[in-house]
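The chain contents come next:
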Amino acid sequence: MSLLRFVARSMLASYFVINGVKALRHPEELVADAQPLADKVLPLLTSALPAEARGYLPEDTAGFVKWNGALQIVGGLSLATGLGRRLGAGVLAVTMVPHVLVANPLKAKGPERTVVKSQLGKNVALLGGVLLAAQDTEGKPTIAWRVRTQKQLLSKEAAKRKAELQRDTRATAEDTARLARKSFRKARRTVEGVLS
C-alpha cells in the first residue's frame with residue numbers, strides 16, 4: 001500500500017468518523033432532516049426483513065440517525081486502517097445515500113437553497129469518493145479477474161491435455177495395428193510352413 005493511498009483514505013474516513021460520532025452523541029440535531037426519509041425507509045425495511053432481523057432495526061428516527069452514525073464510524077475506521085477497506089468504503093457509500101436524498105434544493109426557499117445545494121454537492125462528492133475507494137484494488141487484479149484468468153488457463157490446459165491424449169491414442173492405435181499386421185503375417189507364414 002502506498003503512503004499516498006493511506007493518507008488519502010484516512011483523510012476521507014475522518015469525515016465519516018467525525019460525523020458518526022456527532023450522530024451518536026447528538027441525534028436530535030439530525031432528526032428533523034432525517035424524519036421524512038426514516039418514515040419511508042423504516043416501514044419498508046420492517047416488512048422486507050424476517051422477524052429475527054427486525055429486532056435490530058431502529059424503532060424511531062433518532063435510532064435511525066444513530067444506526068447510520070454507527071455504520072459511518074465502523075466504515076470510516078475500516079477504510080482508515082485498511083482492514084476490510086473495500087467493504088468499509090461500501091458501507092460508507094450506503095450510509096451516504098440518505099444524506100444525498102435528504103439534501104433536496106427544490107424544497108428549500110431563498111438563501112437556504114444555496115446552503116442545501118452546497119450540502120448536496122458535498123454529499124454527492126463524498127459518495128463518489130467512497131465508491132472509488134470501494135473499487136480500489138491498489139493495482140492488484142480483482143477476484144473476478146483472477147477467477148476468469150484461472151478458468152481460461154484451465155481450459156487451455158485441458159485442451160492441450162486433450163490434444164496430447166488424442167495424439168497418444170492415435171500413436172497407440174497405429175502401433176497396435178502395425179503389431180497386429182506383423183503378428184498376422186507371422187501367423188500366416190507359420191500356417192503356410194506347417195501346411196507345406
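Draft legend 1. Looking closely at a nonpolar patch on the surface. Together, Leu3, Phe6, Val7 and Met11 give the surface a local cluster of nonpolar side chains, amounting to about 410 Å² of exposed area. We classify Val7 as partly exposed; its relative accessible area is 36%.

Draft legend 2. Structural view of the side chain of Ser78. Along the chain, the position of Ser78 falls in helix α4 (residues 61–81). Residue class for Ser78 comes out buried when judged on its relative accessible area of 13%. Within the local environment of Ser78, its side chain forms a polar contact with the backbone oxygen of Gly84, the two atoms lying 2.7 Å apart. For Ser78, the residues in contact, after removing those within four places along its chain, are Leu83, Gly84, Arg85 and Gly88.

Draft legend 3. Region of interest: the pattern of salt bridges. In total, this model carries five salt bridges according to the counting rule given. Between Arg5 and Asp136 there is a salt bridge; the shortest N-O distance is 3.0 Å. Residue Arg5 is located in helix α1 (residues 3–25), and its partner Asp136 is located in the loop between α6 (111–135) and α7 (143–195); the two are separated by 131 residues in the primary sequence. Residue Glu192 pairs with Arg188 through a salt bridge whose shortest N-O separation is 4.0 Å. Here the residue Glu192 and the residue Arg188 both occupy positions in helix α7, the gap between them amounting to four residues, near one helical turn. Given a relative accessible area of 46%, Arg188 falls into the partly exposed group. Connected via shared salt-bridge partners are Arg5, Arg9 and Asp136.

Reading guide: rules and limits
Residues numbered from 1 in each chain as written. Predicted model: local features only at pLDDT ≥ 70, side-chain atom pairs only at ≥ 80, totals over all residues. Heavy atoms only, no water. Patch = residues over 30% accessible without salt bridge, like charges linked within 9 Å, V, L, I, M, F, W, Y side chains within 5 Å. Areas by Shrake-Rupley, 256 points an atom, 1.4 Å probe, with all protein chains shown as cover. Salt bridge = Lys/Arg side-chain N within 4 Å of Asp/Glu carboxyl O. Buried < 20%, exposed > 50% of the residue type's maximum accessible area, 1.4 Å probe, protein only. Helix = DSSP H or I, 4+ residues; strand = E, 2+ residues; numbered from the N terminus. Polar contact = N/O pair within 3.5 Å; in protein donor to acceptor, adjacent residues only side chain to side chain. Contact = heavy atoms within 4.5 Å.

By themselves, these observations are geometric and do not establish any function.
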